[in-house]
Amino acid sequence: TTRRAPSPPARTFTVSRPFSPPTMSIDAAIAKYARLHAVDATLIRAIIGAESGFEHSARSSAGAIGVMQLMPGTARELGVDPRVLDQNIEGGVRYLSGLLRTFGGIELALIAYNAGPELARRYARGEVALYAETRDYVRQVLARMR
């Protein structure tokens with residue numbers, strides 16, 4: 001007898017839930033998670049300003065969600081709900097903290113946050129140039145820190 005390959009799992013779709021009302025202020029969440037993950041609060045504020053303009057319900061055309069503009073897959077990997085303000089900030093800060101450790105500096109960590117770690121690695125090795133959007137993003141975040 002011939003064995004058939006198993007059928008691929010059925011696709012599942014989630015209904016987009018509304019954003020949860022904040023349980024703490026953005027400033028309180030930034031302060032809390034900056035301390036917890038040892039990331040400069042000024043850097044976090046600069047990223048939030050550049051990513052979402054501090055708009056809790058922000059959504060990008062690429063699908064990024066919330067003040068720190070977490071992609072759904074990244075949020076799942078981090079175990080956070082990006083529609084919940086403090087979880088969005090905690091996940092974004094934890095992710096950023098890992099990027100800072102991985103890349104050893106703010107500029108490459110910002111490139112990775114915006115365009116992905118693989119592009120940041122390739123850029124660091126001189127294999128690719130930055131997208132104009134990523135160059136502008138890094139400049140904008142660094143300018144907001146001043």
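Quick look at the structure, then. (Residues numbered from 1 in each chain as written. Predicted model: local features only at pLDDT ≥ 70, side-chain atom pairs only at ≥ 80, totals over all residues. Heavy atoms only, no water.)

1. Details of the packing of helix H5 (residues 106-115) against helix H7 (residues 132-145)
Running from N to C, H5 and H7 cross one another at 125°; their axes reach a closest spacing of 9 Å. The angle between the axes of H5 and H7 places the two elements in the oblique class. Taken as a pair, H5 and H7 cross one another with a handedness that is right-handed. Residue-level inspection shows Ile106, Glu107, Leu110, Ile111, Tyr113, Asn114 and Ala115 of H5 in contact with H7, the latter providing Glu133, Thr134, Tyr137, Val138, Val141, Leu142 and Met145. (Axes fitted to C-alpha atoms, helices over the stretch in contact; angles between N-to-C directions. Helix = DSSP H or I, 4+ residues; strand = E, 2+ residues; numbered from the N terminus. Parallel < 35°, antiparallel > 145°, perpendicular 65-115°, else oblique. Left-handed = near helix turned anticlockwise from the far one by under 90°. Contact = heavy atoms within 4.5 Å.)

2. Examining the layout of surface pockets
Estimated volume of the largest pocket: approximately 360 Å³. For the largest pocket, the lining is made up of 18 residues, of which Glu51, Ala64, Gln69, Tyr113 and Asn114 are closest to its centre. Listed by contribution, the elements that provide at least two residues to the lining of the largest pocket are helix H2 (41-52), H5 and H7. The element contributing the most residues to the lining of the largest pocket is H5, with 4 residues. Its residues placed into classes, the lining of the largest pocket shows 10 nonpolar, 6 polar and 2 charged. (1 Å grid on protein atoms, 1.4 Å probe; cavity = no way out; pocket = protein on both sides within 12 Å on 5 of 7 lines; lining within 4 Å. Points joined across faces, edges and corners; volume = space filled by probe spheres on them. Nonpolar A, V, L, I, M, F, W, Y, C, P; charged D, E, K, R; others polar.)

3. Some thoughts on the pattern of salt bridges
In total, this model carries 8 salt bridges according to the counting rule given. Close ionic contact of Glu90 with Arg94 constitutes a salt bridge, the shortest N to O distance being 2.9 Å. Taken together, the residues Glu90 and Arg94, both in helix H4 (residues 85-103) and 4 residues apart, mark about one turn of the helix. The class of Arg94 is partly exposed, set by a relative accessible area of 28%. Among the charged side chains, a network of salt bridges with common partners joins Glu118, Arg121, Arg122, Arg125 and Glu127. (Salt bridge = Lys/Arg side-chain N within 4 Å of Asp/Glu carboxyl O. Buried < 20%, exposed > 50% of the residue type's maximum accessible area, 1.4 Å probe, protein only.)

4. Observations concerning the packing of H5 against helix H6 (residues 117-124)
Where H5 meets H6, the axes come as close as 7 Å, and the angle between the chain directions of the two elements is 140°. What the angle tells us is that H5 and H6 run oblique. In the packing of H5 onto H6, the handedness of the crossing is right-handed. Contacts from Glu107, Leu108, Ile111, Ala112 and Ala115 of H5 reach H6 at Pro117, Leu119, Ala120, Tyr123 and Ala124. A breakdown of the residues in the contact of H5 with H6 according to their chemical character gives 9 nonpolar, no polar and 1 charged.

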